[in-house]
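# Coordinate inspection notes
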Amino acid sequence: DLRWEGGYEKTWEAIQEDKEGMLDFSVQDIIQKARRKRLEERSGKTKLGMMRHLYVVLDMSENMKTQDLKPTRLLCCEKLLEKFTEEYFYLNPISQMGIIVTSNKRAEKVSDMTGNPRRHIEVLKSLRDKPYTGEPSLQNSLELVIQTLKNMPSHTSREVIIIMGSLTTCDPGDINKTLDEAVNMNIKCSVINLSAEVRIYKELAARTGGHHAVILDDHHLQDLLSEHLNPPASLAAQQANLIRMGFPSHAGPEAGLGMCLCHLDTGGEKISSSGYICPQCRARYCELPVECRGCGLTLVSAPHLARSYHHLFPLALFQELSAEDTPADQSWCNGCGKRFKENIDKKVYRCPNCHKVYCGECDLFIHETLHSCPACCAKAPLTAAAQQNGHHAAAGPVVNGVGSNGVI
């Protein structure tokens, strides 16, 4: 036997059929376990790179015509990337993103590094009309990324997500030198293969500290993209600097007419009396966050920065219970309301604070999206005075000892 065969011995045993001979249940079980593992790896005491510069490299070679993902690989990836872009900027409002496509042995930057998600989504929709030709080029794509990211400030993270459907790459030179340059620049490269594992892509991810994975289906692809929504751990040598940000006020009719600057590159500039006014140069913009074209100031709103709280202080993990350990008076999920079934809900999860029980899907939704337990939020907390008197408070949630009815 060869040594490398040991890592692949009996891997087919991880896939099992259900009573009807289908593999869907087994595949979903693998995805659920991977998502739970990611939750356990999160820690609230890790220094995170909140300002991110991310490039998505998308393969547009002939292999993307394959219909193992419906309707085709490329169309499925574009649809999932549109959703990923919206969620990325929702969870990382002070970060930026760019898109690169590779085909016919070349790499092309179709969307520059910017913090405008609408611009990226429009570019992704326009890719449907482009032809799928030739082979991709990993080296040309990496060199294009390196050329752009080398000018980024040192306090920001540098990341690349490569979605590759081809099993080959056509490069003009020594790919190892390009890999060394990416390692020296601390560019974290993650690869998602749509076909099979390829050595050069796995080595790229391993040497740069990224993740490498091969998809099982479109749901698994969406799950793999979701891994990159949360900010990565900051490097030990990464500098910590103070960043200037502006909090613009919303302009009303009394501000007069003005031209929106965020549509200049798309040719859709318009004159209106509403918008957000830059506090430094008085430029007008339709939406936030955005980097001011006039003075370079990052314009955000207070809720944008408040979202970072969820990354810095993640919700505590729920306790895992088996079906027989579930309390008799909690035979249903406190989130979606469905009753637990022994053959499906083998594991349930209980909040350590309120002791309410949730199914696996609701547990993941709470930790990945809500970031707070619904049952804990529904309980009216006690103020310090009410606790002394033994009475419940009639006010809303208490933040730092002050009653509040708002939601952050």
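What you see is a predicted model; the values in this text were computed from it and never measured. (Residues numbered from 1 in each chain as written. Predicted model: local features only at pLDDT ≥ 70, side-chain atom pairs only at ≥ 80, totals over all residues. Heavy atoms only, no water.)

## Quick look at the overall build of the protein
Here is the rule we go by: Only runs of H or I of at least four residues qualify as helices and only runs of E of at least two qualify as strands under DSSP, and these elements are numbered from the N terminus. Contacts are residue-level and defined by heavy atoms, with any inter-residue pair within 4.5 Å sufficient. Working definition of accessibility: Shrake-Rupley area with a 1.4 Å probe, residue cover restricted to the visible protein chains.
Tallying secondary structure elements over the protein gives twelve helices and 19 strands in all. The contacts of the protein with a sequence gap of at least 6 include a subset with a gap of at least 24, amounting to 65%. Carbon and sulfur atoms make up 51% of the accessible area of the protein, which amounts to about 22,600 Å² in all.

## Re the environment of alanine 323
Tracing the sequence through the fold places alanine 323 in the loop between β15 (319-322) and β16 (347-350). With 24 residues separating them in the primary sequence, alanine 323 and lysine 347 have C-alpha atoms 6.0 Å apart. Apart from residues no more than four positions distant in its own chain, alanine 323 is found in contact with Asp345 and Lys346.

## Points about the pairing of strand β2 (residues 96-103)
Sheet faces and side chains relate simply in a regular strand, where the side chains alternate between the two faces. Rules: For the exposure calls, accessible area comes from a 1.4 Å probe over protein chains only, and a residue counts as buried if that area is under 20% of its type's maximum, exposed if over 50%, partly exposed in between. Consider the strands pointing away from the viewer: the crossover is right-handed when the path from the first strand over the helix to the second runs clockwise. One bridge is not enough; two strands pair if DSSP finds at least two bridges between them.
Of all eight residues that make up β2, eight are buried, and the element is covered over most of its length. Crossover strand β1 (residues 52-59) to β2 through helix α2 (residues 73-91) is right-handed. With six bridges connecting them, β2 and strand β3 (residues 106-114) associate as antiparallel partners. Residue methionine 97 lies in a different strand from β3, and its bridge partner there is threonine 114. Joining the antiparallel neighbours β2 and β3 is a turn of two residues, in which asparagine 104 adopts a positive phi near 55 degrees.

## Here we look at the confidence of the model for the protein
How we decide: You can read pLDDT as the predictor saying how much it trusts each residue, on a scale of 0 to 100.
Overall, the predicted model of the protein reaches an average pLDDT of 80, with 75% of residues at or above 70. Segment residues 1-5: pLDDT under 50, and zero contacts once partners within four positions in sequence are set aside and those in other chains are kept. The low-confidence segment residues 390-408, where pLDDT is below 50, has 23 contacts with residues more than four positions distant or belonging to other chains.

## Examining the nonpolar core
Keep this limit in mind: What is meant by a nonpolar core is a set of buried Ala, Val, Leu, Ile, Met, Phe, Trp, Tyr and Cys residues, joined one to another through side-chain atoms within 4.5 Å.
Leu58, Leu81, Phe84, Ile163, Leu221 and Leu225 are the most contacted members of the largest nonpolar core, which has 33 residues in total. Breaking this core down by element, the ones donating at least two residues are β1, α2, β2, α3 (117-126), β4 (157-164) and α7 (218-226). If we ignore the near neighbours within four places in the chain, the residues touching isoleucine 163 are Val57, Leu58, Asp59, Cys77, Leu81, Ile192, Leu194 and Leu225. The next biggest cluster of nonpolar side chains, apart from the first, holds 25 residues, and it includes Ala182, Met185, Tyr201 and Leu204.

## Quick notes on the packing of helix α5 (residues 175-184) against helix α6 (residues 199-208)
Rules: Fitted lines through C-alpha atoms serve as axes, helices being fitted only where they are in contact, and the angles separating the N-to-C directions of these axes extend from 0 to 180 degrees. Note on angle classes: values under 35 degrees are labelled roughly parallel, values over 145 roughly antiparallel, values of 65 to 115 roughly perpendicular, and the remainder oblique. In this scheme, a crossing is called left-handed if the near helix is turned counterclockwise away from the far one by less than a right angle; it is called right-handed if the turn is clockwise. Following the grouping adopted for this structure description, the nonpolar residues are Ala, Val, Leu, Ile, Met, Phe, Trp, Tyr, Cys and Pro, the charged ones are Asp, Glu, Lys and Arg, and the polar ones are all others, Gly among them.
As a packed pair, α5 and α6 sit with axes 9 Å apart at the nearest point and diverge in direction by 25 degrees. In terms of their interaxial angle, α5 and α6 are classed as roughly parallel. Between α5 and α6 lies a crossing of right-handed hand. Contact residues: Ile175, Asn176, Leu179, Asp180, Ala182 and Val183 in α5; Ile200, Glu203, Leu204, Arg207 and Thr208 in α6. Taken together, the residues of the contact of α5 with α6 break down into six nonpolar, two polar and three charged.

## Let's talk about the pattern of salt bridges
Note the threshold: Only one rule defines a salt bridge in this text: a Lys or Arg side-chain nitrogen within 4 Å of an Asp or Glu carboxyl oxygen.
One pass over the structure, following the stated rule, counts ten salt bridges. Where glutamate 203 meets arginine 207, a salt bridge forms, and the shortest distance between an N and an O atom there is 3.6 Å. Placement of both glutamate 203 and arginine 207 in helix α6 is noted, with a separation of four residues, approximately one turn of the helix. Residue classification places arginine 207 among the partly exposed positions, given a relative accessible area of 34%.

## Quick look at α7
Basically, it comes down to this: Any pair of nitrogen or oxygen atoms within 3.5 Å is treated as a polar contact; in protein, a donor-acceptor pairing is required on top of that, and neighbouring residues in sequence qualify only through side-chain atoms on both sides.
Among the residues of α7, His220, Leu221, Asp223, Leu224 and Leu225 are the ones counted as buried. The opening residue of α7, the one whose side-chain oxygen lies 3.3 Å from the backbone nitrogen of histidine 219, is aspartate 217.

## Quick notes on the sheet that holds strand β13 (residues 290-291)
Strand pairs in the sheet, formed through backbone hydrogen bonds, run parallel or antiparallel to each other. If you trace the three strands from one edge of the open sheet to the other, you get β7-β14-β13, paired in mixed fashion. Two strands bound the open sheet, and with one partner strand each, they are β7 (245-246) and β13. Pairing between β13 and strand β14 (residues 298-299): two bridges, direction antiparallel. Within the sheet, the bridge partner assigned to valine 290 lies in β14 and is leucine 299.

## Things to note about the environment of leucine 216
Mapped onto the secondary structure, leucine 216 falls in the loop between β6 (212-214) and α7. Along the backbone, leucine 216 and leucine 194 are 22 residues apart, and their C-alpha atoms lie at a distance of 8.3 Å.

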